[in-house]
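Examining the three-dimensional arrangement
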Amino acid sequence: MGLKLLHLHLHGLIRSHDLELGRDSDTGGQTLYVLELVKELAASLEVDQVDLVTRLIQDRRLASDYSRPRERIAPSANIIRIPFGPKRYLRKELLWPYLDQLVDQLIDQLKQAKTLPDWIHAHYADAGYVGALVSSRLGIPFVFTGHSLGREKKRRLLESGMDHLQIENTYSISRRIGAEELALANANLVVTSTFQEANEQYSRYKNFVSKQAKTIPPGVDLRRFNTISKPNEFEEVQDLFAPFLRKPNLPPLLAISRAVRRKNIPALIEAFGRSPLLRQKHNLVLILGTRTDMKLLDKQQKDVFQQIFELVDKYQLYGQVAYPKFHRRDQIAPIYRWASKLEGLFVNPALTEPFGLTLLEAAACGLPMAATDDGGPKDILSSCRNGLLFDATDLDVLQNTLELAGSNKKLWQQWSSRGIDGIKKYYSWNSHVSKYLSLMKNQFNLSSTQSLAQVIPLSGIRAS
Ligand SMILES: O=c1ccn([C@@H]2O[C@H](COP(=O)(O)OP(=O)(O)O[C@H]3O[C@H](CO)[C@@H](O)[C@H](O)[C@H]3O)[C@@H](O)[C@H]2O)c(=O)[nH]1
Ligand SMILES: O=P(O)(O)OC[C@H]1O[C@](O)(CO)[C@@H](O)[C@@H]1O
């Protein structure tokens, strides 16, 4: 009998198709990571069933997909939506008071099921809280992936000048860190995306034990992200930026991210604006989610755009910077290929970047990178050797690195081809899943027939 798996991802907007990545602060890389992992697990012959539990949201501002209690992803994979808290869409920091409602419902549902899952895999602090309680209550092995850790985020935000109270009020950071500690206290296994996370970030948690952690980097969908341009896609991308760019064929400095403080986009604009060399040689292209009306953005997004518009004004970057309101998910790969064709760079100036799926996407499309010397960018650069790293908290370093990266065409070509080869070699979902499954079986001494629940004693440390 094959494995039965349960994944938990509770915040943001997730559905089986057309992810609205970048729409808001909570719908981005983790959403993509979880969906692609579940799809790849479902395709494995070792897996009979993989369900993804998330929050049921009834909100007229959103597509009806998110209010469906059950949505098929693949023949053996479903999204199960369970309501907790108010019906409407809430940003992740507001979910904490309602998570126990999900714990109770999930325990009831699992008790009624014919068989328990072989393990529960929780993604991020909120799911980690729920998964820890459910797994210890039912004696199910528990796997945790933080994706982004509260202690590291807090540390970086304090460094960037925010004070404790601001961080607490904006991000409910203490509840998040408490949930991460609980998850780590109960996890049989922690899956990290980089070694640095395990050695430098998780190690700051009281309940983390390094032998719990295994590093399996995520993959990228090479059917979507590659160097094969579709007919007219270059022109379509040019049309997207035409209203903004006076010289549309200059090599672009491209950034793609959620419009959140941690991504540090204003620093990139500042470095670009104060560099005559960068302004002469490049355009700045910012894909920061989709927006219809600024008033509908969450506070964090509004603050980021406010800073962006002030800097565009301060340096009079009119005609040199593009920040389209809207793009489709299927335009992201053509945008990377457009930037590569113009011999541009992908720039990730984040204060902290646990991994950075955009870096894999850019490299797969032949676009070299200049990225923050943190987390995933360090691991990706060491395997792909496709660009430069910089200290994202130092404007001079950021500016000088971009000037240097854009100055050598031969080096650019080397980086581009190394990135293409490196991604194929090190970052596929298929290799992620085969490592993930063999790791789980070894970790729990699981033979091909036994289920995990039979080999794991009822562990679980009660929620403190
Ligand atoms: O306007 C946008 C903005 C983003 N994206 C996509 O959203 C994803 C962003 O992923 P990532 O670059 O990894 O950043 P985060 O959204 O911050 O993801 C979090 O979760 C990821 C998975 O664990 C980690 O790689 C990150 O480090 C972590 O910050 C990528 O596929 C982007 O192409 C869009 O499609 N449109
Ligand atoms: O630590 P932060 O800044 O909340 O970033 C993590 C966020 O990024 C995402 O991975 C984007 O999908 C969210 O799931 C999560 O809210």
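From a predicted model like this one, the values you see are computed outputs, not experimental measurements.

1. Brief notes about the UniProt feature "domain: Glycosyl transferase family" (unreviewed entry) in the chain
Per the UniProt annotation, the sites labelled "domain: Glycosyl transferase family" (unreviewed entry) are residues 248-419. In residues 248-419, the share of helix is 47% and the share of strand is 14%. The end C-alpha atoms are 25 Å apart.

2. Thoughts on the nonpolar core
Judged by nonpolar contacts, the single largest core of 67 residues is most densely connected at F241, L254 and Y336. For this core, the leading source of residues is helix α1 (residues 29-42), giving eight residues. Residue-level mapping places this core at the junction of two domains, with at least three residues from each of domain 1 (3-219 + 429-460) and domain 2 (233-426). Non-local contacts of F241, meaning those with residues more than four positions away in its chain, are made with V285, I287, A322, P324, I335 and W338. With 49 residues, the next largest nonpolar core counts V53, L90, I173 and A187 among its residues.

3. Some words on the pairing of strand β5 (residues 119-123)
In terms of burial, β5 is largely enclosed, as five of its five residues are buried. Here β5 shows no split at all, with W119, H121 and H123 on one side and I120 and A122 on the other all buried. Note: strand β1 (residues 3-8) against β5, four bridges, orientation parallel. Paired with L5 across the bridge in β5 is W119. As defined by bridge partners, β5 adjoins strand β6 (residues 142-145) across four bridges and the pair is classed as parallel. By the bridge assignment, H121 is partnered in β6 with V143.

4. Quick look at the site of ligand 2
Around ligand 2 sit 14 residues, and of these H11, G28, S148, K153 and R176 come closest. Here Y124 contributes a side-chain N or O atom positioned 3.1 Å from an oxygen atom of ligand 2. For the shell around ligand 2, the element with the highest residue contribution is α1, accounting for three residues. Taken together, the residues of the shell around ligand 2 break down into one nonpolar, seven polar and six charged.

5. Here we look at the UniProt feature "domain: Sucrose synthase first GT-B" (unreviewed entry) in the chain
The UniProt record marks residues 8-217 with the feature "domain: Sucrose synthase first GT-B" (unreviewed entry), using the residue numbering of this structure. Structurally, residues 8-217 comprises 39% helix and 18% strand, and the distance from its first C-alpha atom to its last is 19 Å.

6. Digging into the packing of aromatic side chains
Across all of its chains, the model carries 11 aromatic pairs by this definition. Relative to W429, the ring of Y33 has its centre 5.3 Å away and its plane inclined at 90°; by these criteria the two rings are edge-to-face. Note that Y33 is positioned in helix α1 and W429 in helix α17 (residues 429-443), a separation of 396 residues in sequence. Of the two residues, Y33 and W429, both sit in the buried class. Pairing F241 with W338 gives two aromatic rings, centres 4.8 Å apart and planes at 50°, and the pair type is tilted. Taken together, the residues F241 in helix α8 (residues 233-241) and W338 in helix α12 (residues 332-341) connect sequence positions 97 residues apart. For the residue pair F241 and W338, the accessibility class agrees, reading buried in each case. A network of ring pairs unites the aromatic residues F244, F305, F309 and Y323 as a single cluster. The ring of F84 carries the charged tip of R55 above its face, separated from the ring centre by 5.5 Å. Above the plane of the ring of F234 lies K341, whose end atom (NZ or CZ) is 5.7 Å from the centre.

Thresholds applied
- Residues numbered from 1 in each chain as written.
- Chains lettered and ligands numbered in written order.
- Predicted model: local features only at pLDDT ≥ 70, side-chain atom pairs only at ≥ 80, totals over all residues.
- Heavy atoms only, no water.
- UniProt positions renumbered as here; feature names shortened; annotations may be inferred.
- Helix = DSSP H or I, 4+ residues; strand = E, 2+ residues; numbered from the N terminus.
- Core = buried A, V, L, I, M, F, W, Y, C linked by side-chain atoms within 4.5 Å.
- Buried < 20%, exposed > 50% of the residue type's maximum accessible area, 1.4 Å probe, protein only.
- Domains from an automatic or database assignment.
- Contact = heavy atoms within 4.5 Å.
- Pairing = 2+ DSSP bridges.
- Near = heavy atom within 4 Å.
- Polar contact = N/O pair within 3.5 Å; in protein donor to acceptor, adjacent residues only side chain to side chain.
- Nonpolar A, V, L, I, M, F, W, Y, C, P; charged D, E, K, R; others polar.
- Phe/Tyr/Trp six-rings, centres within 6.5 Å; stacked < 30°, edge-to-face > 60°.
- Lys NZ or Arg CZ within 6 Å of the ring centre and 35° of its normal.

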